[in-house]
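Geometric and topological summary
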Amino acid sequence: DIASLRKIESCQKKVLRWALGDKPHNDSLKEANILPLSLYLQLIDLVFLSKVIDGRYDIDVTAYVKFAVPAPETRMADTPTFPLRRPTTKNCEKNFWFRAPDLVNRLPRHTDYFRPVGLKARLLKLFWDYFDSHFQWADSTTWRLQEASPLL
């Protein structure tokens, strides 16, 4: 939840201030070459889901998520990778099997999420670009990737 993220981000901010001196938080993060924890947690969710899909773990991903199968007359770019229903409770949104596919749906189509070789490097670049263009310490709505596809 956002209250826990605020505490974690605040702790990270204090540690960076102690280690690197009193400078703007975003500058400290760049100098230390670390993403804000809120973005990093999203990154590791995406990497783990990719490994599950790639078969590196003995988990039947199809038991938890559905993959989109676009109709022949539609364009794949208009179809979310994982069709998701609106969550019925706040706890549903916190569940990994909702949270991670939702993040995949938020990725730009050019990310090539299903090509596991070099995925973490591609995602890191994407998250750093997002950090540079959107992330604001004072606005927690920028702590999560923004490009959402509509829920069913």
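Heads up: these notes are all about the structure in this document. (Residues numbered from 1 in each chain as written. Predicted model: local features only at pLDDT ≥ 70, side-chain atom pairs only at ≥ 80, totals over all residues. Heavy atoms only, no water.)

1. So, the side chain of serine 140
Checked against the element boundaries, serine 140 lands in the segment after helix 6 (119-133). Here serine 140 is in contact with Ile2 and Arg6, once residues within four sequence places are set aside. (Helix = DSSP H or I, 4+ residues; strand = E, 2+ residues; numbered from the N terminus. Contact = heavy atoms within 4.5 Å.)

2. So, the environment of aspartate 60
Of note, aspartate 60 is situated in the loop between helix 3 (37-53) and helix 4 (90-94). For aspartate 60, the side chain forms a polar contact with the side chain of threonine 62, separated by 2.5 Å. (Polar contact = N/O pair within 3.5 Å; in protein donor to acceptor, adjacent residues only side chain to side chain.)

3. Thoughts on a nonpolar patch on the surface
Judged by side-chain polarity, Phe48, Tyr57, Ile59 and Tyr64 come together as a nonpolar surface patch covering roughly 360 Å² of accessible area. Looking at where tyrosine 64 falls in the secondary structure, it is placed in the loop between helix 3 and helix 4. (Patch = residues over 30% accessible without salt bridge, like charges linked within 9 Å, V, L, I, M, F, W, Y side chains within 5 Å. Areas by Shrake-Rupley, 256 points an atom, 1.4 Å probe, with all protein chains shown as cover. Salt bridge = Lys/Arg side-chain N within 4 Å of Asp/Glu carboxyl O.)

4. Overview of the packing of aromatic side chains
One pass over the full model with this rule turns up 12 aromatic pairs. Arranged with centres 4.5 Å apart and planes meeting at 10 degrees, the rings of tyrosine 64 and tryptophan 97 form a pair that is stacked. Highlighted residues: tyrosine 64 in the loop between helix 3 and helix 4 and tryptophan 97 in helix 5 (residues 96-106), separated in sequence by 33 residues. Residues phenylalanine 96 and tryptophan 97 carry aromatic rings whose centres are separated by 5.0 Å and whose planes lie at 80 degrees to one another, so their mutual orientation is edge-to-face. For the pair phenylalanine 96 and tryptophan 97, a shared accessibility class is recorded, and that class is buried. Of the aromatic side chains, those joined through ring pairs into one cluster are Phe48, Tyr57, Tyr64, Phe96 and Trp97. Sitting above the plane of the tryptophan 143 ring, arginine 6 keeps its charged end 5.8 Å from the centroid. (Phe/Tyr/Trp six-rings, centres within 6.5 Å; stacked < 30°, edge-to-face > 60°. Buried < 20%, exposed > 50% of the residue type's maximum accessible area, 1.4 Å probe, protein only. Lys NZ or Arg CZ within 6 Å of the ring centre and 35° of its normal.)

5. Re the packing of helix 1 (residues 2-20) against helix 3
With their axes 9 Å apart at the nearest point, helix 1 and helix 3 run at an angle of 115 degrees to one another. Judged by the inter-axis angle, helix 1 sits roughly perpendicular to helix 3. The segment helix 1 lies against helix 3, with Leu5, Ile8, Glu9 and Gln12 engaging Leu37, Ser38 and Leu41. Looking at the contact of helix 1 with helix 3, its residues break down into four nonpolar, two polar and one charged. (Axes fitted to C-alpha atoms, helices over the stretch in contact; angles between N-to-C directions. Parallel < 35°, antiparallel > 145°, perpendicular 65-115°, else oblique. Nonpolar A, V, L, I, M, F, W, Y, C, P; charged D, E, K, R; others polar.)

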